[in-house]
Amino acid sequence: MPLYVQVAEQIQQDITAGQLQPGQLAPSEAQIVARWGVARITARKAIAVLRERGLVHTVRGRGTFVGPEGTPHNPKSTKAASIAAELAEEIRAGRYERDVPLPSETMLAQRFDVAKGTIRAAVAILREQGWAYTVPMRGTYATDPARWPKG
């Protein structure tokens, strides 16, 4: 069985087991690459298999969601929200030092393979939640740990 089908089968099991709910953002190509250590094309083919099976659908500019086309999306389950959650975890883990800006929009867009607008939305979520702050013409920085959101 080709590797991309094996990956698709594992994601399908997550859907069947209820770990991935209808309307929730499905794993992105980048997440599949990181989780299973496969090539980007393998991840792309795995998503295509899931799409062919009617288990996921893709909305241009928003991401791939669990469920067939027409399934209502969880408003908190967007690509920007997913990126913001990942960046918040990295901030919590100490990956970004105080007084050193987070990577630029361009770098983050390349890393997550999304448009800069999606990165702007993710950074806006980080600011709203209290994980980061932006200094105009300087960049976005991790908030002091004493000011991080609780919980």
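Structural data are supplied above this passage.
One structure accompanies this document, and this report is about it.

Reading the values: rules and limits
Residues numbered from 1 in each chain as written. Predicted model: local features only at pLDDT ≥ 70, side-chain atom pairs only at ≥ 80, totals over all residues. Heavy atoms only, no water. Helix = DSSP H or I, 4+ residues; strand = E, 2+ residues; numbered from the N terminus. Contact = heavy atoms within 4.5 Å. Expected span 1.5 Å × (residues − 1). Buried < 20%, exposed > 50% of the residue type's maximum accessible area, 1.4 Å probe, protein only. Core = buried A, V, L, I, M, F, W, Y, C linked by side-chain atoms within 4.5 Å. Arc of directions from axis to C-beta. Axes fitted to C-alpha atoms, helices over the stretch in contact; angles between N-to-C directions. Parallel < 35°, antiparallel > 145°, perpendicular 65-115°, else oblique. Nonpolar A, V, L, I, M, F, W, Y, C, P; charged D, E, K, R; others polar.

## A look at the side chain of Thr143
With respect to the helices and strands, Thr143 occurs in the segment after strand 4 (139-142). When residues no more than four places from it in sequence are discounted, the contact partners of Thr143 are Gly130, Trp131, Ala132, Tyr133 and Trp148.

## Notes on helix 4 (residues 79-92)
Between the first and last C-alpha of helix 4 there are 20 Å, a value that for 14 residues agrees with the 20 Å anticipated at 1.5 Å per step. For helix 4, the complete set of buried residues consists of Ala80, Ala81, Ile83, Ala84, Leu87, Ala88, Glu90 and Ile91. Residues of helix 4 that are buried make contact with helix 5 (105-112), helix 6 (116-129) and strand 4. Backbone geometry just downstream of helix 4 places Gly94 in the positive-phi region, at approximately 85°.

## Re the nonpolar core
Ranked by size, the top nonpolar core spans 20 residues in total, and within it Ile83, Leu87, Ile91, Phe112, Ile119 and Leu126 carry the most contacts. Only helix 4, helix 5 and helix 6 provide two or more residues apiece to this core. With 6 residues, helix 4 is the largest single contributor of residues to this core.

## Notes on helix 3 (residues 40-52)
Helix length check: helix 3 (13 residues) gives 18 Å between terminal C-alpha atoms against 18 Å at 1.5 Å per residue, within 8%. For helix 3, the full list of buried residues reads Thr42, Ala43, Ala46, Ile47, Val49 and Leu50. The buried residues of helix 3 all sit within an arc of 155° when viewed along its axis, so they share a single face. Structurally, helix 3 contributes buried residues whose contacts are with helix 1 (3-16), helix 2 (29-36), strand 1 (56-59) and strand 2 (63-66). Downstream of helix 3 by one or two residues, Gly54 has phi in the positive range, about 75°.

## With respect to the packing of helix 4 against helix 5
The interhelical angle for the contact between helix 4 and helix 5, taken along N-to-C directions, is 110°, at an axis separation of 12 Å. Comparing the axis directions of helix 4 and helix 5 gives the class roughly perpendicular. Across the interface between the two elements, Ile83, Glu86, Leu87 and Glu90 of helix 4 pack against Leu108, Arg111 and Phe112 of helix 5. Each residue belonging to the contact of helix 4 with helix 5 can be placed in one class, and the counts come to 4 nonpolar, no polar and 3 charged.

## Points about the environment of Ala48
You can see Ala48 is positioned in helix 3. Residue classification places Ala48 among the partly exposed positions, given a relative accessible area of 24%. Sequence separation between Ala48 and Val7 is 41 residues; the distance between their C-alpha atoms is 11 Å.

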